[in-house]
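What follows is each chain in one-letter form.
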Amino acid sequence: MPQISKRAENMPASPVRKLVPFATQAKQRGMKVYHLNIGQPDIKTPETAMEAIRNIDLTVLEYALSEGNIEYRNALVTYYHSLGFTDLTPNNFIVTNGGSEALNFAISTLCDDGDEVIIPEPYYANYNGFANTFRVNVVAVPSTIDTGFALPSIEEFEKKITPRTKAIIICNPGNPTGYLYSLEELQKLAEIALKHDIVIISDEVYREYVYDGHQQISMLEFTELKDHCIIIDSESKRYSMCGARIGCMITRSQKIHDAAMLFAQARLSPVLLGQIAATAAHENDQEYIRNVREEYTHRRNVLVDLLNGIPGVICPKPKGAFYCVAELPVDDTEKFAQWLLEVYSNNNETIMVAPAGGFYSDPELGKKQVRIAYVLKEEDLRRSVELLKDALEKYRISFNL
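Residues numbered from 1 in each chain as written. Predicted model: local features only at pLDDT ≥ 70, side-chain atom pairs only at ≥ 80, totals over all residues. Heavy atoms only, no water.

(A) Molecular detail of the overall build of the chain. Across its full length, the chain carries 13 helices and 12 strands. On C-alpha atoms alone, the chain measures out to a radius of gyration of 21 Å, which is about the 21 Å that the 2.2 N^0.38 rule sets for 401 residues. Here the C-alpha coordinates of the chain stretch approximately 60 × 60 × 55 Å along the principal axes. A total of 401 residues make up the chain; the buried ones form 55% of that total. (Helix = DSSP H or I, 4+ residues; strand = E, 2+ residues; numbered from the N terminus. Rg over C-alpha atoms; globule rule 2.2 N^0.38 Å. Buried < 20%, exposed > 50% of the residue type's maximum accessible area, 1.4 Å probe, protein only.)

Put into C-alpha cells, the structure is as follows:
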C-alpha cells in the first residue's frame, strides 16, 4: 500500500463536517435532522445574482484572470468605497475561490515551515487546517465563555511573540463566538503589529451582520498598517451564496500583493460563474443586507434566550456573525453530538451541532461546548431548542450524569 504524507496524517478533521456520516445514516433511517452545525444560511440569495446566472450570454466558459476579472474587482472597489476606503483600487484585490483560498494565500505568502501565527481562541476551525497545510504553528491566546469570549489582554499577545511569529489572525465579528472587536482592541493589535513588524490578517467575512446598533470596525481603518495588514473577505455569508465560492484578499502592500499573485497564478483562476453572480449581487444590495440583518437579529434573540432558559446551559449573546457558543451540562460534547445522531429521537427528529473542541488548539477547553449556527428560520430554531432540552435530560439519565 502506498504511504500517505505526514501532512495528511496530521490534518485535523473539521468539527463542523466530521459528523456528517452519522447525520447521513440518521436521515437514511427516516430521521429529520435540524442542522445547527454549519453556517449555511436558509436566506435566499439576492435575485439579481440568480438572474445573472440564468441570463448568462456566453458561448465559452473561459478562464477568469488570475487576480479576478475587472468587472468584479470594480464592483468590490465600489463596495469598499461605500465603506469609506476610497484609496482602494482594483489592484488592491485578488479574487479567490472563497475566503478559504484567500486565507491560504495569506498564510503561504507570509510564512515558511515552522513559522507561527497567533490566534485568539476559540477560532474558526479551518485556521488549523490552513496552518497545518503549510507547516505553520498556531499559537493560541485563550478567551473564556465567562467574559463572553472578550479579547484577552494585549499583554497576553505580546508574551506569545517570538522571532518565528509572522502574523496575528483575527475574525471580526468572530466565528465561532460572534465576538465583535472594539476600536480600542483593534488599535492595540495595530500597535503590536508595527512594534514587532508582523502582519494582522483580519477575517471580515461577517462584516454586515452586527447587531444592537454596533458597527464593525475594519483593520483597513488603520492606514499606518499599509504594509502590515491583509483583509479576508467573502460573498458566501454576505449574500447567502456559499456555493458560488467567491472571496478576496485585500492589501495595500504592493510587496504582499505581488507575492500572493504568484500563488493566484499557480492555481490559474477563480470561478467565473461565481464572479458573475457576485458582481450582480452588489447591485442595490443595501435593502437586502438590512433585511437579512434584521432577520438574524431576531433569530439570535430567540435562540440565545431559549438556550439560556435550559437548566445548566450557558450562552453569551453574540454581537455579530450568526453563531453562538454554548456550554452544555454534559461530560463531552463530541460524545453527545454523536449520540444525538445515532441514538436520540423525538418524534423521529434530532439536531446536529458542532462540538467546540475543534475550535480550540487544546480540544479539552471546548469539551463541554458546542457552536450553534442560527441560520434556520424561527420555527426550526424553536423546535431545535425543544429537542436539545429533551435530549439533555435523556442523555444525563442514560449516562448517570
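More follows now that the structure is in view.
(B) Molecular detail of the sheet that holds strand E11 (residues 354-355). The strand order across the open sheet built from three strands is E9-E12-E11, with neighbouring strands paired in antiparallel fashion. Two strands bound the open sheet, and with one partner strand each, they are strand E9 (323-327) and E11. Where E11 and strand E12 (residues 369-373) come together, two bridges link them in antiparallel fashion. Paired with Ala-354 across the bridge in E12 is Arg-371. (Pairing = 2+ DSSP bridges.)

(C) Representation of the nonpolar core. The biggest cluster of nonpolar side chains holds 124 residues, and the ones touching the most others in it are Leu-189, Ile-201, Met-219, Leu-307 and Phe-336. Sequence-distant contacts of Met-219, defined by excluding residues within four places in its chain, comprise Ile-170, Leu-186, Ala-190, Ile-200, Ser-202, Glu-204, Leu-225, Cys-229 and Ile-231. If you look at the next biggest cluster of nonpolar residues, it comprises eight residues, including Ala-125, Ile-145, Ala-356 and Tyr-360. (Core = buried A, V, L, I, M, F, W, Y, C linked by side-chain atoms within 4.5 Å. Contact = heavy atoms within 4.5 Å.)

(D) Representation of the environment of Phe-134 in the model. Residue position: Phe-134 is located in the loop between helix H6 (126-133) and strand E4 (137-142). By relative accessible area, Phe-134 is classed as partly exposed at 24%. Along the sequence, Phe-134 and Asn-104 sit 30 residues apart, while their C-alpha atoms lie 8.6 Å from each other. If we ignore the near neighbours within four places in the chain, the residues touching Phe-134 are Asn-104, Ile-107, Ser-108, Asp-112 and Asp-113.

(E) Molecular detail of the pattern of salt bridges. Taken as a whole, this structure holds 28 salt bridges when the rule is applied. Glu-47 is the salt-bridge partner of Arg-54, the closest N and O atoms lying 2.7 Å from each other. Residues Asp-115 and Lys-166 are paired through a salt bridge, measuring 2.8 Å at the closest nitrogen-oxygen approach. Residue Asp-115 is located in the loop between helix H5 (98-110) and strand E3 (116-121), and its partner Lys-166 is located in strand E5 (residues 165-171); the two are separated by 51 residues in the primary sequence. (Salt bridge = Lys/Arg side-chain N within 4 Å of Asp/Glu carboxyl O.)

(F) Structural view of the pairing of E5. Taking burial as the measure, the seven residues of E5 include six buried ones, the bulk of the element. Here E3 pairs with E5 via three bridges, running parallel. Counterpart to Val-117 in the pairing with E5 is Ala-167. Two elements, E5 and strand E6 (residues 199-203), share five bridges in a ladder whose sense is parallel.

(G) Fine view of the packing of aromatic side chains. Within the structure shown, the criterion is met by 17 aromatic pairs. Look at Phe-322 and Tyr-323: their rings are 5.1 Å apart centre to centre, the planes differ by 55°, and that puts the pair in the tilted class. Here Phe-322 and Tyr-323 have matching classes, each one buried. Ring centres of Phe-336 and Trp-339 lie 6.0 Å apart, and the angle between their planes is 20°; on these two criteria the pair is classed as stacked. Residue Phe-336 and its partner Trp-339 are both found in helix H12 (residues 333-342); the two are separated by three residues, about one turn of the helix. By the burial criterion, Phe-336 is buried, and Trp-339 matches it. Taken together, the aromatic side chains of Tyr-206, Tyr-209, Tyr-296, Phe-322 and Tyr-323 make up a single cluster linked through ring pairs. Cation over ring: Lys-335 sits above Phe-399, and NZ or CZ is 4.7 Å from the ring centre. (Phe/Tyr/Trp six-rings, centres within 6.5 Å; stacked < 30°, edge-to-face > 60°. Lys NZ or Arg CZ within 6 Å of the ring centre and 35° of its normal.)

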